[in-house]
Amino acid sequence: ARLGTKMFYINNAGEHLKPEYNIVTKYGKYASILLDESKTAYQFYDETIQQILPHKFQKISETSNGLAVVKYNGKCGYVDGNGKQITQIKYDTAEPFDGIRALVSIGSKKSIIIENGTEIIPFKYDVIGEFSEGLAYVSLDFVLDLHTESKDQKFGFINKNGKEVIPRIYDTATDFANGTAKVSIGKEVFYINKKGERIK
């Protein structure tokens, strides 16, 4: 039975039985429920058949396309609405899907996965920007300390298939807007088009 955000079981006499669970997030006919007050064990609950599904997670976060980000033993992954894993629970971070793609990381390296869990690029980039007009800037090495030199901190652009379509030769790069992106090489700042051609 359900009462507000609580889910619990009753017997034939209508008596309230333990345990009682907090419904955290709804996913269509499914809901994620908090199993205990320690907030460390979540499971999916199928409201159609009124059964708790067996997979336990430390965290469940809603995302798009009927998928959810889950966390278990400090690692993240993705499951569908009934709690079935579509990826391994192996990522250090896992972001919600932006359309059909999502950004994941292992250590400092990032990749992009699609809805079926396929990683479309290898874990080699330290920086992957958001896709804008079909392209995202990337860098192999990212240094927050401006006094630290890095030979590999060059930016280029990938398309949504993960292919590097504009080479990593720029010291800085911004998102594309109206067909152009602002980049720099040394002290020189200029704009390029989606072919990597300099705009005069």
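Residues numbered from 1 in each chain as written. Predicted model: local features only at pLDDT ≥ 70, side-chain atom pairs only at ≥ 80, totals over all residues. Heavy atoms only, no water.

Peer 1: Just to check I follow, could you spell out the nonpolar core for this structure?
Peer 2: Ranked by size, the top nonpolar core spans twelve residues in total: Val127, Leu135, Phe155, Phe157, Ile166, Tyr170, Ala173, Phe176, Ala181, Val183, Phe190 and Ile192. Listed by contribution, the elements that provide at least two residues to this core are β15 (155-159), β16 (164-170), β18 (181-185) and β19 (188-192). What Phe176 contacts, discounting residues up to four positions off in sequence, is Ser132, Glu133, Leu135, Phe157, Ile166, Ala181, Ile192, Asn193 and Lys194. Listed in part, the ten residues of the second largest apolar core include Leu67, Cys76, Tyr91 and Ala102. (Core = buried A, V, L, I, M, F, W, Y, C linked by side-chain atoms within 4.5 Å. Buried < 20%, exposed > 50% of the residue type's maximum accessible area, 1.4 Å probe, protein only. Helix = DSSP H or I, 4+ residues; strand = E, 2+ residues; numbered from the N terminus. Contact = heavy atoms within 4.5 Å.)

Peer 1: For this particular structure, what's the right way to read the environment of Ala181?
Peer 2: Positionally, Ala181 belongs in strand β18. Judged by its relative accessible area of 1%, Ala181 falls in the buried class. Distance from Ala181 to Gly196, taken between C-alpha atoms, is 9.2 Å for residues 15 residues apart in sequence. Other than its neighbours up to four places away in sequence, Ala181 contacts Phe157, Thr174, Asp175, Phe176, Phe190, Tyr191 and Ile192.

Peer 1: I keep staring at the sheet that holds strand β11 (residues 101-106) and nothing clicks. Help me out?
Peer 2: Sheets are built from strands that pair by backbone hydrogen bonding, the pairs being arranged parallel or antiparallel. Spatial strand order, β10-β11-β12: three strands in an open sheet with antiparallel pairing. The two strands at the open ends of the sheet, each matched to only one other strand, are β10 (93-94) and β12 (109-114). (Pairing = 2+ DSSP bridges.)

Peer 1: Help me understand the pairing of β11, please; the structure alone is not making it clear to me.
Peer 2: Along any regular strand the residues' side chains alternate between the sheet's two faces. The buried count for β11 comes to five of six residues, which makes it a mostly enclosed element. The pairing of β10 with β11 spans two bridges and is classified as antiparallel. Across the sheet, Ala94 pairs through a bridge with Val104, a residue of β11. Adjacent in sequence and paired antiparallel, β10 and β11 are bridged by six residues, among which Gly99 carries a positive phi angle near 75 degrees.

Peer 1: Can you walk me through the side chain of Asn193 in this structure?
Peer 2: By the secondary structure assignment, Asn193 is in the segment after β19. At a separation of 2.9 Å, a polar atom in the side chain of Asn193 contacts the main-chain amide nitrogen of Lys195. Among residues more than four places away in sequence, those in contact with Asn193 are Ile166, Phe176, Gly179 and Ile199. (Polar contact = N/O pair within 3.5 Å; in protein donor to acceptor, adjacent residues only side chain to side chain.)

Peer 1: Just to check I follow, could you spell out the packing of aromatic side chains for this structure?
Peer 2: In total, this model carries five aromatic pairs according to the counting rule given. Ring centres 6.0 Å apart and planes at 75 degrees place the aromatic pair Tyr137 and Phe155 in the edge-to-face group. Of this pair, Tyr137 sits in strand β14 (residues 135-139) while Phe155 sits in strand β15, placing them 18 residues apart in sequence. Judged by centre distance (4.9 Å) and plane angle (65 degrees), the rings of Phe157 and Phe176 are edge-to-face. In this pair, Phe157 is assigned in strand β15 and Phe176 in the loop between β17 (172-173) and β18, connecting sequence segments 19 residues apart. Here Phe157 matches Phe176 in class, with each residue buried. (Phe/Tyr/Trp six-rings, centres within 6.5 Å; stacked < 30°, edge-to-face > 60°.)

Just geometry here; none of it tells us what the structure is for.
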